[in-house]
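So you can see what is in the structure, the chains are spelled out below.
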Amino acid sequence: MRGGIVSLLVFLGVSLSGCGPGTREATLIYPPLFTADRSPTAHATTHSILTQETIVIDFMDRRSTMQQVVGGVRNSSGAHVADVIATNSVLAWVADAVKSELETAGYAVARRDAMAPSPSDAFLSVEILTVFSIVRAEYHGEVSVIANLLKDGRELIKKRYYGKGTAGSEWVFKENAHGQALALALSDAVKQLVHDIKALEA
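Bear in mind that the values here come from a model prediction, so they are computed numbers and not experimental data.

Student: Help me understand the overall build of the protein chain in this model?
Tutor: Along the backbone of the protein chain there are three helices and eight strands. Taken from N to C terminus, the helices and strands of the protein chain fall in the order α-β-β-β-β-α-β-β-β-β-α. Counting the 202 residues in the protein chain, one finds 40% classified as buried. Taking the contacts inside the protein chain whose residues are at least 6 apart along the sequence as the reference set, 68% of them involve residues at least 24 apart. Of the accessible surface of the protein chain, which amounts to about 10900 Å², a share of 56% is contributed by carbon and sulfur atoms.

Written out as C-alpha cells, the structure reads:
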C-alpha cells in the first residue's frame, strides 16, 4: 500500500511539473473541452442576427502586474508551493471568448482596435478583475469581469460578472486541468453577460 502511495506522489510530481521550481504551466483554452455536466462542448453555431448594429468591444486587464499568474498550488497543509503561469495571453483569451459567445448568439462583433466606435454604435468594454485556479480536492477556477455596455450615449449595462468552474477529480492526471477549470469559469461569466445583452431586446 505504501509503495502505491509513493508511486502516486511521484506521478503527481512529474505530471504537475512546469516551467521550473515553484511554477506550473497552464494553457488557456476556450471553449472548455467539457461542460460543467461533463458533456462535450457543442460546436458554436451562428443564429440569425439579433441587431443590425455591430457591437464594438474593448478589453482591459485590471489585475496585478503579475498578469501571467493564473493560479496556485497548495500542499497538504494548505501552504502555497507554486504559481500557475499562463503560456498564452490572458487578455486575448477573454477577448476571444466574449467575441465567440456574442457571435454564437447572432451579434456582429468587431474589436475596437479594428473599428473605432461611433456615438451610435453599441460599445462593450470589459475589464478583467480575476483569473485564478487552485487545486484542492479538485481544480477550481474563478473568473470575474466588469462589463459596461453603451449605446447612443446611454449606459445599458454596468455589472460585475463572476464565473466559477470545477475540473473534477478525473482531471488529476491530465495535463491542462487548470486550463479546463478556468475555461469553465470564463464560460460561466461570459454567458451571464450575453444573457443580459439579449434580455435588452426582449
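Student: For this particular structure, what's the right way to read the environment of Ser-187?
Tutor: Examined against the element boundaries, Ser-187 turns out to sit in helix α3 (residues 177-199). As for Ser-187 and Glu-101, which are separated by 86 residues in sequence, their C-alpha atoms are 8.7 Å apart. In contact with Ser-187, other than residues within four places in its own chain, are Tyr-30 and Pro-32.

Student: Just checking my understanding: could you explain the pattern of salt bridges for this structure?
Tutor: A side chain of one charge can pair with a side chain of the opposite charge when the charged atoms of the two come close. Scanning the model with the defined rule gives six salt bridges in all. Residue Asp-152 pairs with Lys-151 through a salt bridge whose shortest N-O separation is 3.1 Å. On the basis of relative accessibility, which here comes to 46%, the residue Asp-152 falls in the partly exposed class. Overall, Lys-151 belongs to the buried group, its relative accessible area being 15%. Here Asp-196 and Lys-159 are joined by a salt bridge, their closest N and O atoms 3.1 Å apart. Taken together, the residues Asp-196 in helix α3 and Lys-159 in strand β8 (residues 154-167) connect sequence positions 37 residues apart.

Student: What exactly am I supposed to notice about the nonpolar core here?
Tutor: The biggest cluster of nonpolar side chains holds 39 residues, and the ones touching the most others in it are Val-90, Trp-93, Leu-102, Leu-124 and Ile-197. Residue assignment for this core shows that the elements contributing at least two residues are β2 (55-61), β3 (69-74), β4 (80-86), α2 (90-104), β6 (122-135), β7 (139-151), β8 and α3. If near-sequence neighbours (up to four positions away) are discounted, Trp-93 is found in contact with Leu-28, Ile-29, Tyr-30, Val-131, Val-143, Leu-182, Ala-183 and Leu-186. Core analysis: the next-biggest nonpolar cluster, separate from the first, contains five residues, Val-135, Tyr-139, Ala-167 and Ala-181 among them.

Student: I keep staring at the side chain of Lys-151 and nothing clicks. Help me out?
Tutor: Take Lys-151: it is sitting in strand β7. Look past the residues within four positions of Lys-151 in its chain and what remains in contact with it is Glu-53, Ser-120, Asp-121, Ala-122 and Leu-156.

Student: Would you explain the packing of α2 against α3 in this entry?
Tutor: The relative placement of two packed helices comes down to the angle between their axes together with the axis-to-axis distance. Close contact between α2 and α3 brings their axes to 10 Å; oriented N to C, the two are set at 45°. Looking at the two axes, α2 sits oblique to α3. Considering the relative orientation of α2 and α3, their crossing is right-handed. On α3, the residues that touch Trp-93, Val-94, Ala-97, Val-98, Glu-101 and Leu-102 of α2 are Leu-182, Ala-183, Leu-186, Val-190, Lys-191, Val-194 and Ile-197. A class-by-class count of the residues in the contact of α2 with α3 yields 11 nonpolar, no polar and two charged.

Student: Even after reading the chapter, I still don't get α3, so can you show me in this structure?
Tutor: Because each turn of an α-helix spans 3.6 residues, side chains separated by three or four positions in sequence point in the same direction. Helix length check: α3, at 23 residues, gives a terminal C-alpha distance of 33 Å against a target of 33 Å (1.5 Å per residue), a fit within 8%. Burial within α3 is extensive, with 17 of its 23 residues counted as buried.

Student: Would you explain α2 in this entry?
Tutor: Spanning 15 residues, α2 covers 21 Å between terminal C-alpha atoms, matching the ideal 21 Å at 1.5 Å per step. Buried within α2 are the following residues: Val-90, Trp-93, Val-94, Ala-95, Ala-97, Val-98, Glu-101 and Leu-102. The N-terminus of α2 is capped by Ser-89, whose side-chain oxygen sits 3.4 Å from the backbone nitrogen of Leu-91. Taken from the residues just after α2, Gly-106 is the one with a positive phi, measuring 105°.

What counts and how
Residues numbered from 1 in each chain as written. Predicted model: local features only at pLDDT ≥ 70, side-chain atom pairs only at ≥ 80, totals over all residues. Heavy atoms only, no water. Helix = DSSP H or I, 4+ residues; strand = E, 2+ residues; numbered from the N terminus. Buried < 20%, exposed > 50% of the residue type's maximum accessible area, 1.4 Å probe, protein only. Contact = heavy atoms within 4.5 Å. Areas by Shrake-Rupley, 256 points an atom, 1.4 Å probe, with all protein chains shown as cover. Salt bridge = Lys/Arg side-chain N within 4 Å of Asp/Glu carboxyl O. Core = buried A, V, L, I, M, F, W, Y, C linked by side-chain atoms within 4.5 Å. Axes fitted to C-alpha atoms, helices over the stretch in contact; angles between N-to-C directions. Parallel < 35°, antiparallel > 145°, perpendicular 65-115°, else oblique. Left-handed = near helix turned anticlockwise from the far one by under 90°. Nonpolar A, V, L, I, M, F, W, Y, C, P; charged D, E, K, R; others polar. Expected span 1.5 Å × (residues − 1). Polar contact = N/O pair within 3.5 Å; in protein donor to acceptor, adjacent residues only side chain to side chain.

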